[in-house]
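# Observations on chain architecture
Residue strings, one per chain:
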Amino acid sequence: MRAPAMLRCAAALAVLLAVAAPAAGFYLPGVAPSDFAKGDPLQVKVNKLTSIKTQLPYTYYSLPFCKPATIVDSAENLGEVLRGDRIENSPYVFQMREPKMCQIVCKATIDEKAAKEFKEKIEDEYRVNMILDNLPLVVPIARQNRNSIAYQGGYHVGAKGQYAGSKDEKYFIHNHLSFTVKYHRDDDSELSRIVGFEVHPYSVKHQFDDKWNGADTRLSTCDPHASKFVTNSDSPQEVEAGKEIIFTYDVRFEDSEIKWASRWDTYLLMTDDQIHWFSIVNSLMIVLFLSGMVAMIMLRTLYRDISRYNQLETQEEAQEETGWKLVHGDVFRPPTNSDLLCVYVGTGVQFFGMLLVTMIFAVLGFLSPSNRGGLMTAMLLVWVLMGLLAGYTSSRLYKMFKGSEWKKITLQTAFLFPGVAFVIFFILNALIWGEKSSGAVPFTTMFALVLLWFGISVPLVFVGSYLGFKKPAMEPPVKTNKIPRQIPEQAWYMNPIFTILIGGILPFGAVFIELFFILTSIWLHQFYYIFGFLFLVFVILIITCAEITIVLCYFQLCSEDYMWWWRSYLTSGSSALYLFLYAAFYFFTKLQITKVVSGILYFGYMLLASYAFFVLTGTIGFCACFWFTRLIYSSVKID
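Heads up: these notes are all about the structure in this document. Treat the numbers as computed from the prediction; the structure is a model and nothing was measured. (Residues numbered from 1 in each chain as written. Predicted model: local features only at pLDDT ≥ 70, side-chain atom pairs only at ≥ 80, totals over all residues. Heavy atoms only, no water.)

### Concerning the overall build of the protein chain
The secondary structure content of the protein chain amounts to 17 helices and 13 strands. Sorting the 639 residues of the protein chain into buried and exposed places 52% on the buried side. Residue pairs at least 24 apart in sequence account for 81% of intrachain contacts in the protein chain once pairs closer than 6 positions are excluded. Split by element, the accessible area of the protein chain, about 30,300 Å² in all, is 61% carbon and sulfur. (Helix = DSSP H or I, 4+ residues; strand = E, 2+ residues; numbered from the N terminus. Buried < 20%, exposed > 50% of the residue type's maximum accessible area, 1.4 Å probe, protein only. Contact = heavy atoms within 4.5 Å. Areas by Shrake-Rupley, 256 points an atom, 1.4 Å probe, with all protein chains shown as cover.)

Here is the structure:
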């Protein structure tokens, strides 16, 4: 008897390998360039305040900074809102290629409440994020022992320090900003394009001799007429209630050879690409090791077993044989909690489709950082559309298990994982809202998420389930006995818990180096744009999950243990446990989070990420093992 068509998710793995060639990503800007003539106004926009110590973003105007006459919110996509971005206009307005020195923005007298807020933000090392022509503001920092410059996103609100001869710690605010706008000029048209936006912040206790006259006041500490410019913070501005703070800025324009299409290279430059190549080589070694084991099983052991079984002449000879053929009458017996297995496999296929499509677009450059929130928005929309595959896969597997209530399995597929994720997200969002952070998702956005779920995802799951259930059930290659066979006592190394935990180590080992960079980009607010490496690691993860599950499944069947359904899912899915443990290790060794709420947010989101990783890797392992068992049992003659 020959094996029928393989499970569709196995075919999807083959498709992924076929498209793995374009692994080196390139940049597609995603926005049209803007040309500026000399003197054209340049509007600086302000974004959220961020801190790697609290992970709680706040709006720029949550602190008493200088405000424009009217605050205008910029239109934001779904991904930007979920990221906590709040983009607004600012009182900083430049004129293209027209330098300004010692420009006064405003003078503010801070009260007790404002002083406390400033001190808290300085204590938590909050940074101010600004945007000019869609480029984020950066602070250039010279690397030690290297002839290169690193760039820090945004500038710190202020700093803590001590006066000479004093042990009392004071808080100082960065109230003078020295901007540098880099531009690339077209020699033919004299039009320019912005290719860089940098700042050097200073804390300066400004003085003025005459009476205050608004922006026209002449400062004695910063006077372009007297060629006196701010170059240091030797006389810093202290944050204390009742004190006046004068906010000022300089702006200079610098001609650059950098072209507009390459202006993001500075932000996305990876100086440690050798580590990524080491990660790829390390993962490939694991894959080669597993591939060798699978090849040995498939080409030597299985071929020998199948040939010997097919040459048996008498029933007595067959009864004397041991190994995986003896359990042919039970190997396709439906497992316990088969409904739940169908739901998880369907959800895993949905995840697989989402990651595959999103990563292909990311590798091609369509989800570049210039399109803020584009990656998160794309992932949400593709996830919703992939509900069709989830419903189809779960219903096909459910019908093979002789299930008849397809609507029940459809509802479970549509609501189990999204429901758990939504509950965790809602609780974490309530904590963020309690901290009055801009990272809290507003009610309208929450309503939009629910609308995507109930209005698009759930109907698509039902459509997929209906289509899958209409098709004929997949028939196993061998018949199932009515009475289950007794499983013999297993050796200690075939204990389910032991094999499951061992099976998750190699898939995690294939990705843990890249995982470090992903966690760094998320929690330390750095750019991640090495999707070529990530795509290769994703392919290696798929191969590793499939191969380790096949190897352990074969050993299990040779031990005459036919309860492989759930174990195949948990074998590769257990890598999620190591992911969560690594996330905990990263928290205590790399992050400086001290607030309880921030710690809860970190572990809450990492728990959700680990759960999703479990569903994905478990489904990959299950699909590989399902294909493997159908293949080997369809290749032998059963008397």
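So that's the structure; there's more coming.
### Regarding the nonpolar core
Ranked by size, the top nonpolar core spans 154 residues in total, and within it Phe94, Met130, Phe179 and Trp564 carry the most contacts. Cys102, Ile104, Val204 and Ile246 belong to the second largest nonpolar core, which has eight residues in total. (Core = buried A, V, L, I, M, F, W, Y, C linked by side-chain atoms within 4.5 Å.)

### Side note on helix α3 (residues 112-123)
Taking 1.5 Å of rise per residue, 12 residues should cover 16 Å, and α3 covers 16 Å from first to last C-alpha, within 8% of that figure. Those residues of α3 that are buried lie in contact with β9 (158-161) and β10 (170-173). Sitting at the head of α3, Asp111 places a side-chain oxygen 3.3 Å from the backbone nitrogen of Lys113. Within two residues after α3, Glu125 carries a phi angle of roughly 60 degrees, on the positive side. (Expected span 1.5 Å × (residues − 1). Polar contact = N/O pair within 3.5 Å; in protein donor to acceptor, adjacent residues only side chain to side chain.)

### Re the packing of helix α10 (residues 406-434) against helix α17 (residues 596-633)
Where α10 contacts α17, the axes come no closer than 10 Å and their chain directions differ by 170 degrees. The orientation of α10 relative to α17 falls into the category roughly antiparallel. Crossing of α10 over α17 shows left-handed handedness. On α17, the residues touching Phe417, Val420, Ala421, Ile424, Phe425, Leu428, Leu431 and Ile432 of α10 are Val597, Ile600, Leu601, Gly604, Tyr605, Leu608, Tyr611, Ala612 and Val615. By residue class, the composition of the contact of α10 with α17 is 16 nonpolar, one polar and no charged. (Axes fitted to C-alpha atoms, helices over the stretch in contact; angles between N-to-C directions. Parallel < 35°, antiparallel > 145°, perpendicular 65-115°, else oblique. Left-handed = near helix turned anticlockwise from the far one by under 90°. Nonpolar A, V, L, I, M, F, W, Y, C, P; charged D, E, K, R; others polar.)

### Overview of the pattern of salt bridges
It is possible for side chains of opposite charge to pair when their charged atoms get near one another. Following the criterion strictly, the structure yields 18 salt bridges and no others. Notably, a salt bridge pairs Arg193 with Asp35, separated by 2.6 Å at the nearest N-O pair. Here Arg193 is found in strand β12 (residues 192-202), whereas its partner Asp35 is found in the loop between α1 (8-18) and β1 (41-50), with 158 residues between them in sequence. Residue classification places Asp35 among the partly exposed residues on the basis of a relative accessible area of 39%. Between Arg83 and Asp85 there is a salt bridge, with its nearest N and O atoms 3.0 Å apart. Note on Arg83: relative accessible area 38%, which makes it partly exposed. Via salt bridges that share partners, Lys48, Arg83 and Asp85 belong to a single interconnected network. (Salt bridge = Lys/Arg side-chain N within 4 Å of Asp/Glu carboxyl O.)

### Brief notes about the side chain of Ser437
Structurally, Ser437 is set in the loop between α10 and α11 (443-470). According to the relative accessible area criterion, Ser437 is buried, its value standing at 7%. A polar atom in the side chain of Ser437 sits 3.0 Å from the backbone nitrogen of Gly439. Those residues within four positions of Ser437 in sequence are excluded, and the remaining contacts are Leu56, Pro57, Tyr58 and Ile432.

### Brief notes about the side chain of Thr393
Inspection of the secondary structure assignment puts Thr393 in helix α9 (residues 387-400). Polar contacts involving the side chain of Thr393 include one to the main-chain carbonyl oxygen of Leu389, which spans 2.8 Å. Apart from the residues lying within four places of it in its own chain, the contact partners of Thr393 are Val345, Gly346 and Val349.

### Quick notes on a negative patch on the surface
There is a patch of like negative charges on the surface, built from Asp186, Asp187, Asp188, Asp255 and Glu257. Within the secondary structure, Asp186 is located in the loop between β11 (176-185) and β12. (Patch = residues over 30% accessible without salt bridge, like charges linked within 9 Å, V, L, I, M, F, W, Y side chains within 5 Å. Lys, Arg positive; Asp, Glu negative; His and termini not counted. Charge placed at Lys NZ, Arg CZ, Asp CG, Glu CD.)

### What to know about helix α13 (residues 505-523)
The largest bend in α13 amounts to roughly 50 degrees and is located at Phe512. Where α13 ends, the next residue or the one after it, His525, has phi of about 55 degrees, a positive value. (Bend = angle between axes of the 7 residues up to and from the residue.)

### Considerations on the packing of aromatic side chains
Tallied over the entire structure, the rule returns 56 aromatic pairs. An aromatic cluster is defined as three or more aromatic residues linked by ring pairs; in this entry it consists of Tyr344, Phe351, Trp383, Phe417, Trp566, Tyr569, Tyr611 and Phe614. Between the NZ or CZ atom of Lys121 and the centre of the ring of Tyr126, over which it lies, the distance is 5.5 Å. The aromatic ring of Phe469 is capped on one face by Lys399, whose charged end is 5.2 Å from the ring centroid. (Phe/Tyr/Trp six-rings, centres within 6.5 Å; stacked < 30°, edge-to-face > 60°. Lys NZ or Arg CZ within 6 Å of the ring centre and 35° of its normal.)

### Structural notes on the environment of Ala448
Residue position: Ala448 is located in helix α11. With relative accessibility at 29%, the residue Ala448 sits in the partly exposed group. With 370 residues separating them in the primary sequence, Ala448 and Leu78 have C-alpha atoms 8.8 Å apart.

### Quick word on the state of the cysteines
Tallying each qualifying case throughout the model produces two disulfides. Each disulfide pairs two cysteine sulfurs, and for Cys66 the partner residue is Cys106, the sulfurs being separated by 1.8 Å. Across the S-S bond of Cys66 and Cys106 the torsion is about -75 degrees, and the bridge reads as left-handed. Placement of the pair is Cys66 in the loop between β1 and α2 (78-83) and Cys106 in strand β3 (residues 100-109), with a sequence separation of 40 residues. The residue that forms a disulfide with Cys102 is Cys222, at a sulfur-sulfur distance of 1.8 Å. Note on the Cys102 and Cys222 pair: the S-S dihedral is about -90 degrees, so by sign convention the disulfide is left-handed. Placement of Cys102 in strand β3 and of Cys222 in the loop between β12 and β13 (244-255) is noted, with a sequence separation of 120 residues between them. A residue is classified by how much of its surface remains accessible, and Cys102, at 9% relative accessible area, is buried. Relative accessible area serves as the criterion here: at 2%, Cys222 is assigned to the buried category. (Disulfide = S-S within 2.5 Å.)

Don't take any of this as a statement about function, it's just geometry.
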